[in-house]
Amino acid sequence: MQVGALVLVGTPSEQQARLGSPAETIGEVPIALLDVLGRSVLQRLLEWLHHSGIVTATTVIADITSKARRFLPGSLSPQVTWIEAAGPQLWKAAENCFTEAAHSGAEQVLIFRLGPYMELELEPLLQFHLDRASRITAVVDTNGAPVDTFVASASRRNDVAYLLRHQLKESRTPCPAFPLRGYFNPLADAADLRRLAIDGFTGRAQITPAGRQVRPGLWVERGARIQRGARIVAPAFIGRRTKVGAAAVVTRYSALEHHSKVDWGTVLEDTTLLPYTHVGPGLDVCHTVVGLNRLFHLVREVEVEIRDAHLVDTISSSAPLRILSGLASLTTFLPAQFCRSVFEALRPKRGLAAAPDRLVKPSEQEERAGSPISAEVGPARLELMVSRRSEE
């Protein structure tokens, strides 16, 4: 039996479309395209379908914005066809792809909308569908709610066309419901993304961190650079081409996705850094998802846009631009360090009695100990990040 698969990316769920909510996205990027422990949900689904031995061909139909393009998978299996279609054209493209799959000999076609991450048993689903001679079978969660996953008989093109034209929310005839028994995460917001990473660390979700496990609970991908003096406390994940600066601390289920950077002296606790994210020096960052110039504080349930590149910045996805940026920083850093060392040598040394103006007031002591990065939310002032300043 030949089985095909259609994967739809960038389409909101019914509730989110009705509320006009930007859920299932972060900064206009579908969460399904963002890495979780080294692989995106889309990549993991495609790999699972490829290794299942059941699906013969997969078509991905995506509605992608310019901001999301840099997060697309670098390479795809020859069995995967990639199609881009914007807005309502996505559903028309899905209908055409289903017809092509049927003409190519597929007897059953799986339909996934990402969105959610789930761990589904494929063989029991297909057997359930065949035993009932169903036109379309819908997968539902433990509460009986649909999860936008279906298996359809290729001969029932009119039924599938009706389903797709109604954006997977209505079928022409009642569909048997297959109960999902495995792990499910709606991936509606940054909190769900963070929870998926933690569930991968703890084994609740069958997400194996990419890279090599260099010691129990610590995974490091190729090209990662951890400078001398940095401290990594397991469990933690360090993605490919990631840089961890001197005296930085990464701990408590933190995940640094690919091409991210933690500057010197910064502490990350229970935090996910999205790909291409640079966190500045001397910061305490806890219980957050950081990336795309945004900070999502999971305890406070607050999202803040950060425009100060000294705190959070976005790294270029272009390798030549990253090299040029590094060279520019180096040419600026070295002369500054040279001038600083010269002036420090020439500066007269003064004792405390000769310099009463250097006495530190209590308020200044507090400022030196920690400068909070906060946001105004109604009458409350929420401290989301702390910048630590060293004594002069």
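Owing to the predicted nature of the structure, the values given are computational and were not obtained by experimental measurement.

What counts, and where the lines are drawn
Residues numbered from 1 in each chain as written. Predicted model: local features only at pLDDT ≥ 70, side-chain atom pairs only at ≥ 80, totals over all residues. Heavy atoms only, no water. Salt bridge = Lys/Arg side-chain N within 4 Å of Asp/Glu carboxyl O. Buried < 20%, exposed > 50% of the residue type's maximum accessible area, 1.4 Å probe, protein only. Helix = DSSP H or I, 4+ residues; strand = E, 2+ residues; numbered from the N terminus. Pairing = 2+ DSSP bridges. Contact = heavy atoms within 4.5 Å.

1. Looking at the pattern of salt bridges
For the structure shown, the criterion picks out 17 salt bridges. Through salt bridges with shared partners, a single network forms among E24, R113, D148 and K169.

2. So, the pairing of strand β10 (residues 136-140)
The buried count for β10 comes to five of five residues, which makes it a mostly enclosed element. Side chains I136, A138 and V140 project from β10 onto one buried face, and the interleaved T137 and V139 project onto a second face that is buried too. Pairing of β10 with strand β11 (residues 146-153), which is carried by four bridges, proceeds in the antiparallel orientation. What sits directly across from I136, in β11, is A152. Between β10 and β11, which pair antiparallel in sequence order, lie five residues; one of them, G144, sits at a positive phi of approximately 85°. Pairing of β10 with strand β12 (residues 177-179), which is carried by three bridges, proceeds in the parallel orientation. Its bridge partner being in β12, V139 is matched across the sheet by F178.

3. Let's talk about the environment of I64
Mapping I64 onto the fold places it in the loop between β6 (55-62) and β7 (80-84). For I64, a relative accessible area of 11% gives the class buried. Each C-alpha atom of the pair I64 and V9 lies 8.0 Å from the other, and the pair is 55 residues apart in sequence. Sequence-distant contacts of I64, that is, excluding residues within four places in its chain, are made with L33, R69, L72, W82 and E84.

4. A few points about the sheet that holds strand β19 (residues 243-244)
Where strands meet in a sheet, backbone hydrogen bonds hold them as pairs that are either parallel or antiparallel. As summarised here, the arrangement of the five strands in space is β16-β19-β22-β24-β28, forming an open sheet in which the pairing is mixed. Taken across any chain shown, the strands that pair with only one partner, and hence form the sheet edges, are β16 (225-226) and β28 (312-314). Bridging between strand β24 (residues 277-279) and β28 involves three bridges; their strand directions are antiparallel. Directly across from T277, in β28, lies its bridge partner T314.

Keep in mind these numbers describe shape, not what the thing actually does.
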